[in-house]
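This is what each chain is made of:
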Amino acid sequence: MQNIVKDFGHFRAVNDVTLKIASNEFFTLLGPSGCGKTTLLRMIAGFEMPTKGSILLDGAEIASLPPNQRPINTVFQNYALFPHMTVADNIGFGLKMLGRPKAEIEKTVADMIRLVRLDGREKNLVTQLSGGQQQRVALARALAPQPKVLLLDEPLSALDLKLRKSMQIELKRLQMETGITFVFVTHDQEEALTMSDRIAVMSDGQVRQIGSPWEIYDRPAERFVADFIGETNFLTAEVVSVSGDWARVRLASGAEIPASFPANTTPSGKVTVVVRPEHARAAPVSAASVLRGTIHDIVYLGTDTHLHVVLEDGTPFMVRQQNARSGPCGYEKGETLGIELSDDVAQILRD
Amino acid sequence: MAISPAEASEIVRKKDIRSRWLLSAPALILIAVAGVGPLLIVVVYSFLAPGNYGDVKWEFSTEAWFNVLLSRDIFDDTVTLADAHLSIFLRSIQLAIVTTVLCVVFGFPTAYFIATRPIHTRQIWLFLITIPFWTNMLIRAFAIQEVIRNEGIVNSLLMGLGLIAAPIPMMFSDFAILVGMTYVFLPLMVLPLYASIDKLDFRLIEAAYDLYASRFNVLMRVIVPLVKPGLIAGSILVFIPALSSYVIPRVLGGGKNLMIGNLIELQFGQGRNWPLGASLSVTLVIIVLFAMLYYVRNASRSGGTHG
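Please read these numbers as outputs of a predicted model, since none were measured by experiment.

Scoring rules and cut-offs
Residues numbered from 1 in each chain as written. Chains lettered and ligands numbered in written order. Predicted model: local features only at pLDDT ≥ 70, side-chain atom pairs only at ≥ 80, totals over all residues. Pairing = 2+ DSSP bridges. Helix = DSSP H or I, 4+ residues; strand = E, 2+ residues; numbered from the N terminus. Axes fitted to C-alpha atoms, helices over the stretch in contact; angles between N-to-C directions. Contact = placed C-beta atoms within 7 Å. Nonpolar A, V, L, I, M, F, W, Y, C, P; charged D, E, K, R; others polar. Core = buried A, V, L, I, M, F, W, Y, C linked by C-beta atoms within 7 Å. Buried ≥ 20, exposed ≤ 12 C-beta atoms within 10 Å, placed from the backbone. Domains from an automatic or database assignment. UniProt positions renumbered as here; feature names shortened; annotations may be inferred. Parallel < 35°, antiparallel > 145°, perpendicular 65-115°, else oblique. Left-handed = near helix turned anticlockwise from the far one by under 90°.

Caption draft 1: Highlighting the sheet that holds strand S17 (residues 291-300) of chain A. Residue and element names in this part refer to chain A. Read from one edge of the open sheet, five strands run S16-S20-S17-S18-S19, paired in antiparallel fashion. Taken across any chain shown, the strands that pair with only one partner, and hence form the sheet edges, are strand S16 (280-283) and strand S19 (316-322). Strand-to-strand twist in this sheet, taken as the mean axis angle between neighbours without regard to direction, amounts to 45°. The sheet contact formed by strand S18 (residues 304-311) and S19 spans seven bridges and is antiparallel.

As structure tokens, this is what we get:
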């Protein structure tokens, strides 16, 4: 996809997006609602025409083709299953429309039903199925014609948490088994991190960062990305020196720590540094303390305890501690605390 | 006095039944007085003998029923099929079917158009569709006449443009009847179709396109099966009044293009044969009944196998 622009009236839904999605990749478009990710998906599917730019599939321009001429299928957000058809007829619909021989359709439908584990449900009307089963029919229906690209528009958002978790694993399995390129749209960062090979984080119609889940989480390039995905502490700092991939920054507390920075940038002057709460350690104030603050609040979450600290310069800072079975964390509100950081936990953001 | 639980529930049950009958009484009375009663009178009349100046003689006779399908030669008493009646029945059924088909052909795009407009403009369109209902059907029939008669709007326009030299005769023909009935009954098709299409999930259409369906296949395999209830309701609403249509064939069909309605009217008027009129009416009811049974059954069955 190159320089895609989509306007609805005066509203620019997608603004100059360029993406390259590799074949067999599980690619996720992640962003808050209204960021243009669904519009982007609909343009790949052919339901919307880009105002500007081109969409290439294996080197061929497809932006002007209608949806029924693109080897791309979609799993819709509300499944959009045909309510007047059985499970088998739903799954076989695409092949039937392609004019495939009956024997082939039957065989593929049977394969698909096995693949999505709906054996024995072939003759049911789709309206008789549960949400999770409908979801799997929608998947099978979109996979049956063996598209080059499968588009998934928040397909898990209507399912409850447990089902969603198992469908995440299922989706990943299907993608591995079929070898089809998946383009997945979601606003759920956890879903994106769990399944994707690569993620494009979007906001306001633009792609903010593209990278592996690890890169997106641990090496956020922008404030939006760092803020949208997971919980983050933002610290102001000053760059002292840069060597290779690492810079040394001086924090407000005066301590100097190493920090990584986004590729193609050279950090200098005042910068914002992010540290994930689980990468910081709380300890009594000592020479190893990089930051110091007082405990504002302690939140017990079962697996973790969150210590909300207010640093000396007033900046809020959160530390996440994994709980052991040794009882409460041992700190109390109002206590003064030191925060220790390992050498590789800080990331400088692009301005 | 103590009441056992069984007795108590019996009392409650009886009360329940009583209140249920009481609540449905208005509907039952209406059905009896306005529906079953008149129909019974018609059935009874069909088994009586005709009076000399209209009305009936109160003696049992099957002559009227005999005359529906057969006719007895007045000289030698040979019995032949009543060709005139049969052909009128057949013509009426044909015209009603064609009218229904025409209403689907014109009504479907209209309903689809309205259902896909923005919500606030839809009401205006629906309003426009229902406006003709406010006018008497006779007036509307004359309006159609004004459009298609030899000196009417269409012919004078075409002649004015020099496209034709002489007017195309359109009045007093089956064509005129079809134009009139399609025009008059179209709203009865559009409204139920609109209701069905309005409920249609347009994402299903996208899904079908996405799965390589052509425009034709999207229409036939997704849209039509899903709006079938509206299609059936509309067809019934058009077919029944079209079959028993009276005013339109009278005004636009002229004297020789009779439909069942005119034939029945004839028996009560000039024919002075009320029992025959009554038996023809009952026959019409039976035809409609069977047509509906056949149609609804067929429609629901094909829905099952298609899907």
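From this point, the narrative continues.
Caption draft 2: Main features of the interface of chain A and chain B. Contacts between the two partners involve 20 residues from chain A, matched on the other side by 17 residues from chain B. Contributions of two or more residues to the side of chain A that touches chain B are made by strand S7 (72-75) and helix H2 (87-97) of chain A. Looking at the side of chain A that touches chain B element by element, the count peaks at four residues for H2(A). Here the residues of the side of chain A that touches chain B are counted per class, giving twelve nonpolar, seven polar and one charged.

Caption draft 3: Layout of the nonpolar core. With 155 residues, the main nonpolar core has A:Leu151, A:Val183, A:Val273 and A:Ile339 as its most contacted residues. Ranked by residue count, the leading element in this core is helix H7 (residues 174-199) of chain B, at 15 residues. Both domains that furnish three or more residues to this core are identified here as domain 1 (2-218) and domain 2 (234-348) of chain A. Every residue in contact with A:Ile339, bar those within four places of it in the chain, is listed here: A:Ala280, A:Arg281, A:Ala282, A:Ser289, A:Val290, A:Leu291, A:Gly293, A:Val309, A:Phe317 and A:Val319.

Caption draft 4: A look at the UniProt feature "transmembrane region" (unreviewed entry) in chain B. Residues and elements named next belong to chain B. In the numbering adopted here, UniProt assigns the feature "transmembrane region" (unreviewed entry) to residues 21-48, 93-115, 124-144, 164-197, 218-243 and 276-296. What you have in residues 164-197 is 71% helix and 0% strand, and the ends, taken at the C-alpha atoms, are 41 Å apart. Secondary structure across residues 218-243 comprises 96% helix and 0% strand; the distance between its end C-alpha atoms is 32 Å.

Caption draft 5: Examining unusual backbone geometry more closely. Residue and element names in this part refer to chain A. One non-glycine residue, Ala80, lies in positive phi territory at about 50°. Mapping Ala80 onto the fold places it in the loop between S7 and H2. Judged by the 21 C-beta atoms lying within 10 Å of it, Ala80 falls in the buried class. One non-glycine residue, Glu154, lies in positive phi territory at about 40°.

Caption draft 6: Up close: the domain arrangement of chain A. Per the domain assignment, the segments making up chain A are domain 1 (2-218) and domain 2 (234-348). The centre of domain 1 of chain A, based on its C-alpha atoms, is set 39 Å off from the matching centre of domain 2 of chain A.

Caption draft 7: Region of interest: the packing of H2(A) against helix H3 (residues 102-115) of chain A. Residues and elements named next belong to chain A. H3 packs onto H2 with a crossing angle of 130° between their chain directions and a minimal axis gap of 9 Å. By the angle class used here, H2 and H3 are oblique. For the crossing formed where H2 meets H3, the hand is right-handed. Only Ile105, Thr108, Val109, Met112 and Ile113 of H3 make contact with H2, whose side of the interface consists of Ala88, Ile91, Gly92, Leu95 and Lys96. Residues that form the contact of H2 with H3 fall into these classes: seven nonpolar, two polar and one charged.

Caption draft 8: Representation of the sheet that holds strand S13 (residues 246-251) of chain A within the structure. All names here are of chain A. In space, the five strands of this closed barrel follow the order S12-S13-S14-S21-S15, with mixed pairing throughout. This sheet shows a mean twist of 50° between the axes of neighbouring strands, independent of strand direction. Pairing analysis gives five bridges linking S13 to strand S14 (residues 256-260), with the strands arranged antiparallel. In the strand pairing of S14, Val249 is matched with Ile257.

Caption draft 9: Inspection of the UniProt feature "domain: ABC transmembrane type-1" (unreviewed entry) in chain B at higher detail. Residues annotated in UniProt with the feature "domain: ABC transmembrane type-1" (unreviewed entry) correspond here to residues 89-295 of chain B. In residues 89-295 of chain B, the share of helix is 77% and the share of strand is 0%. The end C-alpha atoms are 18 Å apart.

Caption draft 10: Expanded view of H2(A). Of all eleven residues in H2(A), nine are buried; the element is thus mostly enclosed. Those residues of H2(A) lying buried are A:Val87, A:Ala88, A:Asp89, A:Asn90, A:Ile91, A:Gly92, A:Phe93, A:Gly94 and A:Leu95.

Caption draft 11: Examining helix H1 (residues 37-45) of chain A more closely. Residue and element names in this part refer to chain A. Where burial is concerned, most of H1 is hidden: nine out of the nine residues are buried. Within H1, burial applies to Lys37, Thr38, Thr39, Leu40, Leu41, Arg42, Met43, Ile44 and Ala45. Residue Gly46 follows H1 closely and has a positive phi angle near 105°.

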